[in-house]
Amino acid sequence: MKKIVIIIGSILLFLFASIIVLEYWVQTKFQNTLNSNPKRKYDLNYDKLTVSIFKGRIELNQLQITPLIVDSIPTIIEGSVERANLDGIGFINFLRSKEISIENLGFLNPEFTLIRTDFQKDQVESTRPFQTLFRDIISRGEIKNFSLSGGKAILFEQNDSLQRIGSFDDLEILASGIETDSVQLDKAIPFKLEELKIGLKNLSYLLSENQVFGFESYAFDFSRGQMDLEKISLELDQEWYEQAKNQPEQKEIMEFDIGSVAIRGLSEASQFGDSLMIIAESITLDSVDFKIGKDKNRPFPPKELKQDFSYLLEALTFPMRVDSLLVTNSTVTYSEIGNGHTLPGTIDLSEVNGLILNVSTIEEVERVNSLYVEVTAIFDRSGQLKLEVHENYFEREWKADLTLENMDMTNLNQTVNNLAGISITSGKLNKLHLNMEANAKFSDNHFLMEYEDFKIELLNPEHHKKGFLSGLANLAVHKQNKPGDKHYQELAYATPRDPYKGPINLIWLSAKDGLLATVPIKAAQKLMLHSKNDKRGKKHGKKKNSKE
């Protein structure tokens, strides 16, 4: 019996000693292997290493990530990881081979610091700090699955001094089915894989001295082909007109808040690295509050030829194909300070809902599909607005149909008071209809405006009424334009386009030509400056119920 106890004790002691020796060998080889690749870009060091042979686990505490190159890359990244768990390790195979095989690699509560420098380099991987880092770490062994939780980062810019420009937290990554021998640099985890989920929260990024971009949350699911962002914003640290007047030339100052962005049917061909490409079935933007302002007292910018609605898409510098873009429950505010004025006029669009089909910057798609835009909104808190646009990408011709109905015209005062020195004291717009067929040189238009009880006042710079001139002005306009009136007319005319301005400007000029041909009496029309349509053909109206 005593011999049996001694034998069992000896076996247990041998096993215990073997485990200790094996753990020591594993620790030694792991330490010698971890930073052995001469092509590595980072050193990984730790405060404590724990090996569990029975669990097939290595645990690293306070893992430090240190870049080896810091003076020739545009973005430097360094970090620390509270704990790194390496699970599912075959230790015997590890001791026999040069490479470690890990079923699961997990990072818990990592903290990263990114420093953007002014160094420029042609190597693509150098401009993707996280992709480069994860590739460097994961390629050190055969790692099948990777997870990261509780991550956060602070972003700095190195100029004369180190300036904080951004941060985010709650970074979560889950990557499974990783094939470390198949590199794909366009993905956050730059390898071929079966599943990838990424999430992060509370991003804040300083785009310029006065603009901060951010969002509350971001979630990406590779296998389901979807991406979601919540509460996206572009904020100014001063009022838009203060920033506009400090610009060297006229510039549209933008700010926005977006409740949510949902991308569905995201193709695997989409890329989100330096070679950005978005191919998706649909994008939905909900609760957009978009504001834009311009100060026309500033010098004109250099002229640049502009074409049509698809030209707006050409401003995107990356390939894009989206079957449908949906905008819901949104608002748009455009403000403009006119030349010689100090206060802005404003146009408000509320309850904006829009659908854009066949959004593309890819030529093969544009050859097959046409661009279609439909927008409905409340114009200046009153009028029911609807706009439809059809455009052939390659013919560069487009058709637009605009209607504005049931509007209290006094709501236009927020636009015309400061820009035109006019106050509308009464008026109801029953219907305005503009149909356009446009090309690169002009637009052929059909225009109808039905209104009643229209009265105005002229204002001086202090916004006081010019009594005598206001009386003359009311004598110079038709009080109404309704079916059956002597002067009632529908108009057909052409409006030349300014090649240096976009399609929205042509819609405005075409509508303005129709307004100035309808509202003032003929004697007043001769005194007013408007588009010189006789370059294409004289305006003509079809008068209904009139006495010749």
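The structure we're discussing is the one just above.
Residues numbered from 1 in each chain as written. Predicted model: local features only at pLDDT ≥ 70, side-chain atom pairs only at ≥ 80, totals over all residues. Heavy atoms only, no water.

So, about the pairing of strand 5 (residues 100-116). Where strand 4 (residues 75-87) and strand 5 come together, 12 bridges link them in antiparallel fashion. Residue Ile76 lies in a different strand from strand 5, and its bridge partner there is Ile115. Bridge count between strand 5 and strand 6 (residues 141-158): 14 bridges; the pairing is parallel. Bridge pairing links Phe112 to Ala153 in strand 6. (Pairing = 2+ DSSP bridges. Helix = DSSP H or I, 4+ residues; strand = E, 2+ residues; numbered from the N terminus.)

Tallied over the entire structure, the rule returns 14 salt bridges. For the salt bridge of Lys231 with Glu216, the shortest nitrogen-to-oxygen distance reads 3.8 Å. In this pair, Lys231 is assigned in strand 12 (residues 226-236) and Glu216 in strand 11 (residues 211-221), connecting sequence segments 15 residues apart. Using a relative accessible area of 37% as the deciding quantity, one classes Glu216 as partly exposed. A salt bridge links Glu252 to Lys294; its shortest N-O distance comes to 3.9 Å. (Salt bridge = Lys/Arg side-chain N within 4 Å of Asp/Glu carboxyl O. Buried < 20%, exposed > 50% of the residue type's maximum accessible area, 1.4 Å probe, protein only.)

A few words on helix 9 (residues 503-518). Its 16 residues give helix 9 an end-to-end C-alpha distance of 23 Å, which sits within 8% of 22 Å, the value for a rise of 1.5 Å per residue. Along helix 9, 12 of the 16 residues are buried, which leaves the element largely enclosed by surrounding structure. Those residues of helix 9 that sit buried are Pro503, Asn505, Leu506, Ile507, Leu509, Ser510, Ala511, Asp513, Gly514, Leu516, Ala517 and Thr518. (Expected span 1.5 Å × (residues − 1).)

A word on the environment of Leu105. With respect to the secondary-structure elements, Leu105 resides in strand 5. Between the C-alpha atom of Leu105 and that of Asn145, which follows or precedes it by 40 residues, the distance is 6.2 Å. When near neighbours in sequence (up to four residues on either side) are disregarded, Leu105 contacts Asn85, Leu86, Ile137, Ile143, Asn145, Phe146 and Ser147. (Contact = heavy atoms within 4.5 Å.)

None of the figures reported here should be taken as evidence of function without further support.
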